[in-house]
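The chain contents come next:
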Amino acid sequence: MIEATLCFPRRSRTDGSGNERTDEVLLIEKRRGLGEGWYNGPGGKLEGDETPRECAGRETREEVGLEIDPEALEKAGELTFLLDGEAHTFCHVFRTRSFAGEPTASEEARPEWVPVEDVPYDRMWEDDHLWLPGVLEGKTVVGEFRFEGGPPLDEAEFVNHDLEWDVALGTR
Ligand SMILES: COc1nc(N)nc2c1ncn2[C@H]1C[C@H](O)[C@@H](COP(=O)(O)OP(=O)(O)OP(=O)(O)O)O1
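Being a predicted model, the structure only gives us computed values, none of them experimental.

Draft legend 1. Main features of the site of the ligand. Contacts to the ligand come from 19 residues, most closely from G33, G43, G44, K45 and W125. Secondary structure elements with two or more residues in the shell around the ligand: β1 (2-14), β4 (43-45) and β6 (86-96). Across the shell around the ligand, the residue classes tally to eight nonpolar, seven polar and four charged.

Draft legend 2. Geometry of the nonpolar core. Judged by nonpolar contacts, the single largest core of 30 residues is most densely connected at C7, L79, F81, C91, V93, F94 and V135. Mapped by element, the contributors of at least two residues to this core are β1, β2 (21-30), α1 (52-64), β5 (74-83), β6, α2 (128-136) and β8 (141-148). In contact with C91, other than residues within four places in its own chain, are A4, T5, L6, L79 and F81.

Draft legend 3. Molecular detail of the pairing of β6. Relative to β6, β1 runs parallel, the two sharing eight bridges. Paired with I2 across the two strands is T89, which belongs to β6.

Draft legend 4. Structural view of α2. Listing the buried residues of α2 in full gives D128, W131, L132 and V135. On an axial view of α2, the arc spanned by its buried residues comes to 100°, and they lie on one face. Elements in contact with the buried residues of α2: β1, β5, β6, β8 and β9 (157-165).

Draft legend 5. Structural detail: the confidence of the model for the protein chain. Looking at the protein chain as a whole, the pLDDT averages 96, with 99% of positions reaching at least 70. Complex prediction metrics read pTM 0.96 and ipTM 0.96.

Draft legend 6. Representation of the environment of M124 in the model. Its place among the elements puts M124 in the loop between β7 (109-115) and α2. Under the C-beta neighbour-count criterion, M124 is labelled partly exposed, with 18 such atoms within 10 Å. Each residue touching M124, except ones within four places of it in the same chain, is listed here: W38, Y39 and N40.

Draft legend 7. Geometry of the environment of L163. Assignment of secondary structure puts L163 in strand β9. Separated by 95 residues in the primary sequence, L163 and I68 have C-alpha atoms spaced 28 Å apart. Apart from residues lying up to four places away in sequence, L163 is in contact with L130, W131, V141 and G143.

Draft legend 8. View of unusual backbone geometry. Following G150, the chain continues to P151 via a peptide bond in cis, the omega torsion being -5°. In this fold, P151 is placed in the loop between β8 and β9. The peptide bond linking P151 to P152 adopts the cis configuration, its omega dihedral lying at 0°. Positionally, P152 belongs in the loop between β8 and β9. Here D84, not a glycine, exhibits a phi torsion of approximately 50°, which is positive.

Draft legend 9. View of the environment of V167. Looking at the element boundaries, V167 is found in the segment after β9. The spacing of V167 and V142 is 25 residues in sequence and 6.8 Å in space, taken between C-alpha atoms. Other than its neighbours up to four places away in sequence, V167 contacts T140, V141 and V142.

Cut-offs used in this document
Residues numbered from 1 in each chain as written. Predicted model: local features only at pLDDT ≥ 70, side-chain atom pairs only at ≥ 80, totals over all residues. Near = placed C-beta within 6 Å. Helix = DSSP H or I, 4+ residues; strand = E, 2+ residues; numbered from the N terminus. Nonpolar A, V, L, I, M, F, W, Y, C, P; charged D, E, K, R; others polar. Core = buried A, V, L, I, M, F, W, Y, C linked by C-beta atoms within 7 Å. Buried ≥ 20, exposed ≤ 12 C-beta atoms within 10 Å, placed from the backbone. Contact = placed C-beta atoms within 7 Å. Pairing = 2+ DSSP bridges. Arc of directions from axis to C-beta. pLDDT = per-residue confidence, 0-100.

The following block contains the structure:
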């Protein structure tokens with residue numbers, strides 16, 4: 001089974017008058033590989049003996065150029081994606097408000113700050129609207145999502161899921 005990560009950097013901005021506060025999340029438009037053309041958080045597969053939080057920091061740096069201390073990542077979810085009855089990907093989900101730098105595009109990803117209420121779920125993986133809103137509200141989640149008709153996973157049909165909220169997650 002593939003072990004992968006997703007990272008959701010967050011920021012709050014006030015308008016010029018200092019009145020209106022907008023809560024935003026950094027998404028990427030994936031330019032290649034699994035989920036190409038869809039919005040997602042920065043992330044990718046674990047390499048070597050790195051920990052999930054090290055992977056999330058490295059992938060965010062490689063994809064959009066933000067520097068993140070792995071210890072500043074808050075674990076928000078653990079998602080299992082099954083394809084045709086078999087475990088395909090186990091994904092660690094993190095969020096953080098602590099990072100350095102400005103997002104810049106790479107060969108892999110085009111970054112975009114998006115207001116939390118405008119997240120483009122119609123241009124994302126089909127499962128995302130089920131768990132990402134809660135993660136952006138500060139909840140923790142464990143989920144299992146079943147797809148059929150692949151490979152690849154991003155051409156398979158999303159069939160059903162189980163979700164558990166406010167779960168105590170490991171520290172990895
Ligand atoms: C099935 O539903 C999914 N939803 C979401 N939101 N994200 C998913 C889903 N399935 C996989 N993912 C994520 C997990 C990873 O962050 C990426 C896929 O990563 P990729 O295969 O591109 O990994 P890299 O290591 O960046 O790829 P390279 O081999 O090209 O370096 O999608």
